[in-house]
Amino acid sequence: MHLAYPAVLAALLFCTGLYGVLARRNAILVLMSVELMLNAVNLNLVAFDVWLRDTLHAGQALTLFVIAIAAAEIGIGLAIVLMVYRNRGTSDIDRLRDTAEGADTPGGAGPDATGAAPAQKAEATA
Amino acid sequence: MSLAAHGFLSPSGVEIAFLLVGLVTFGAALVTVTTKQLVHAALWLVVTLGGLAVEYLLLTAEFIAWVQVLIYLGSVVVLLLFGLMLTKAPVGRSPDADSGNRPVALAVAVAAAVSLVWVVVDAFRTTWIDLDGPAQGSTEVTGHFLFRNWVLPFEALSVLLLAALVGAIVLSRKRATATRNSRSGKEQR
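Source: prediction; values computed, not measured.

A. The overall build of chain A, seen in detail. In terms of helices and strands, chain A carries four helices and zero strands. Listing the helices and strands of chain A from first to last along the sequence gives α-α-α-α. When contacts within chain A are restricted to residue pairs at least 6 apart in sequence, long-range pairs at least 24 apart make up 56% of them. Total accessible area on chain A is roughly 5,000 Å²; 64% of this is exposed by carbon and sulfur atoms.

B. How the structure looks around the pattern of salt bridges. Considering all chains together, one arrives at six salt bridges over all chains under this definition. Among the ionic contacts, a cluster of salt bridges with common partners joins R24 of chain A together with K36, D98 and R102 of chain B.

C. Representation of the side chain of E35 of chain A. In this fold, E35 of chain A is placed in helix 2 (residues 27-52). Despite its burial, E35 of chain A pairs with no opposite charge, the nearest such side chain being R24 of chain A at 15 Å.

D. Here's a closer look at the environment of L36 of chain A. Secondary-structure assignment places L36 of chain A in helix 2. Setting aside chain neighbours within four positions, we find L36 of chain A in contact with T16 and G17 of chain A together with A29, V33, L45 and T48 of chain B.

E. Molecular detail of the interface of chain B and chain A. At the junction of the two partners, chain B supplies 91 residues and chain A supplies 74 residues. Note on chain B versus chain A: buried area summed over both sides is about 7,500 Å², and carbon and sulfur give 74% of it. Here chain B is connected to chain A by one salt bridge. With a closest N to O distance of 3.1 Å, D98 of chain B and R24 of chain A form a salt bridge. At the junction of chain B and chain A, the tally comes to 20 residue pairs in polar contact (both at pLDDT 80 or more). For the side of chain B that touches chain A, the secondary structure elements donating two or more residues are helix 1 (13-34), helix 2 (38-58), helix 3 (62-86), helix 4 (102-123), helix 5 (139-149), helix 6 (151-172) and helix 7 (176-188) of chain B. A breakdown of the residues in the side of chain B that touches chain A according to their chemical character gives 56 nonpolar, 22 polar and 13 charged.

F. Layout of the environment of E140 of chain B. By the element assignment, E140 of chain B lies in helix 5. Sequence-wise, E140 of chain B and F63 of chain B are 77 residues apart; in three dimensions their C-alpha atoms are separated by 9.0 Å.

G. Seen up close, the layout of surface pockets. Of the volumes computed, that of the second largest pocket is approximately 320 Å³. Only helix 3 (58-88) of chain A together with helix 3 and helix 6 of chain B provide two or more residues apiece to the lining of the second largest pocket. Per-element tally for the lining of the second largest pocket: the top contributor is helix 3 of chain A, with six residues. Looking at the lining of the second largest pocket, its residues break down into 12 nonpolar, three polar and no charged. Of the residues that make up the lining of the second largest pocket, three or more belong to each of domain 1 (3-136) and domain 2 (150-189) of chain B.

H. Geometry of the UniProt feature "transmembrane region" (unreviewed entry) in chain A. What UniProt calls "transmembrane region" (unreviewed entry) maps, in this numbering, to residues 61-85 of chain A. This span, residues 61-85 of chain A, is 100% helix and 0% strand, and a straight line between its end C-alpha atoms measures 36 Å.

I. Examining helix 3 of chain A more closely. Across its 31 residues, helix 3 of chain A extends 43 Å between first and last C-alpha, which sits within 8% of the 45 Å expected from 1.5 Å per residue. The first or second residue beyond helix 3 of chain A is G89 of chain A, which carries a positive phi of 80 degrees.

J. A look at the environment of L45 of chain A. All names here are of chain A. Within the secondary structure, L45 is located in helix 2. Judged by relative accessible area, L45 falls into the partly exposed class, the value being 22%. If near-sequence neighbours (up to four positions away) are discounted, L45 is found in contact with G59, L62 and T63.

K. Highlighting the confidence of the model for chain A. For chain A, per-residue confidence averages 83 on the pLDDT scale, and 81% of positions sit at 70 or higher. Predicted confidence in chain A is weakest over helix 4 (residues 117-125) of chain A, with a mean pLDDT of 47, and strongest over helix 1 (residues 4-23) of chain A, with 95.

L. Seen up close, the packing of helix 2 of chain A against helix 3 of chain B. Axis separation between helix 2 of chain A and helix 3 of chain B bottoms out at 11 Å; the angle between their running directions is 170 degrees. The angle between the axes of helix 2 of chain A and helix 3 of chain B places the two elements in the roughly antiparallel class. In this structure, helix 2 of chain A uses I28, L31, M32, E35, L38, N39, N42 and V46 of chain A to contact helix 3 of chain B, whose residues at the interface are I64, Q68, Y72, V76, L80, G83 and L84 of chain B. Of the residues that constitute the contact of helix 2 of chain A with helix 3 of chain B, the class distribution is 10 nonpolar, four polar and one charged.

M. Representation of the UniProt feature "transmembrane region" (unreviewed entry) in chain B within the structure. The positions that UniProt labels "transmembrane region" (unreviewed entry) are, in the present scheme, residues 16-34, 41-59, 65-84, 104-121 and 150-171 of chain B. Secondary structure over residues 16-34 of chain B splits into 100% helix and 0% strand, and the C-alpha atoms at its two ends are 27 Å apart.

N. Summary view of a nonpolar patch on the surface. Together, L162, L165, V166, I169 and V170 of chain B make up an exposed nonpolar region whose accessible area comes to about 470 Å². When you line up the elements, I169 of chain B lands in helix 6.

The rules behind these values
Residues numbered from 1 in each chain as written. Chains lettered and ligands numbered in written order. Predicted model: local features only at pLDDT ≥ 70, side-chain atom pairs only at ≥ 80, totals over all residues. Heavy atoms only, no water. Helix = DSSP H or I, 4+ residues; strand = E, 2+ residues; numbered from the N terminus. Contact = heavy atoms within 4.5 Å. Areas by Shrake-Rupley, 256 points an atom, 1.4 Å probe, with all protein chains shown as cover. Salt bridge = Lys/Arg side-chain N within 4 Å of Asp/Glu carboxyl O. Buried < 20%, exposed > 50% of the residue type's maximum accessible area, 1.4 Å probe, protein only. Lys, Arg positive; Asp, Glu negative; His and termini not counted. Buried area = accessible area lost by both parts, 1.4 Å probe. Polar contact = N/O pair within 3.5 Å; in protein donor to acceptor, adjacent residues only side chain to side chain. Nonpolar A, V, L, I, M, F, W, Y, C, P; charged D, E, K, R; others polar. 1 Å grid on protein atoms, 1.4 Å probe; cavity = no way out; pocket = protein on both sides within 12 Å on 5 of 7 lines; lining within 4 Å. Points joined across faces, edges and corners; volume = space filled by probe spheres on them. Domains from an automatic or database assignment. UniProt positions renumbered as here; feature names shortened; annotations may be inferred. Expected span 1.5 Å × (residues − 1). pLDDT = per-residue confidence, 0-100. Axes fitted to C-alpha atoms, helices over the stretch in contact; angles between N-to-C directions. Parallel < 35°, antiparallel > 145°, perpendicular 65-115°, else oblique. Patch = residues over 30% accessible without salt bridge, like charges linked within 9 Å, V, L, I, M, F, W, Y side chains within 5 Å.

What follows is the structure, encoded as structure tokens:
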């Protein structure tokens, strides 16, 4: 098989995931796009491992490790998203701007922080 | 490897299958990142990951293909669907699924895709994978290299999985003080 096929497919999938990470607003959709990027890297690893006929099969071993680490990452990421949703009532990453620097956020209180203020206070005292 | 035996204009059957499945995979990935319905995005992700599993099979990495089916299709997508439902994602079309920096994201992604594809095609234009011979990723081969050469990283990975498990439980558990505070906060409102 021509090596360019899997390499080009992996590059295209990676860029699709890149677009998703940058353009999506919901945090869970961003996590899905991160999964796409990880899978593109996995395809590259498998293709180059099969091409090079590595005796240690480092590419396939690394692919298995990446799959396991991605499973751990999605678990932790979803736990964080759920905690943010429980505290703030939203999982839109555009609206989580407490640490953003800007002229419209004096003292870290954004224009949309009014609704989330009690929850933040509860989190601070917990 | 003799270059005369291969050609762009006479693709082999494996290449045609890889190309077709790759088109389906890429199309499903595009729908995943562009659809306005959040649950549909998760379901199209299933198509993408399944297509990638078929690509692994075509590259003779059987064990990784089935691990992909088990872990990604079996657990990750279910986790994502649970996450969507627990955050009360709208079932129908949500017009604000994409953020405001969509044109910038599109420009960055297209530029990255063009440059990456150009570099990759230029670099591997005359390179062929030799898929003949015994499968390089069968379960027997995978067991040999994993437990002969990669035992220590494997064990370290199990510790990492345990840590992630404990971390996820700690993060998603409702703390008693936090629930009491949020309950009093609701009563004040």
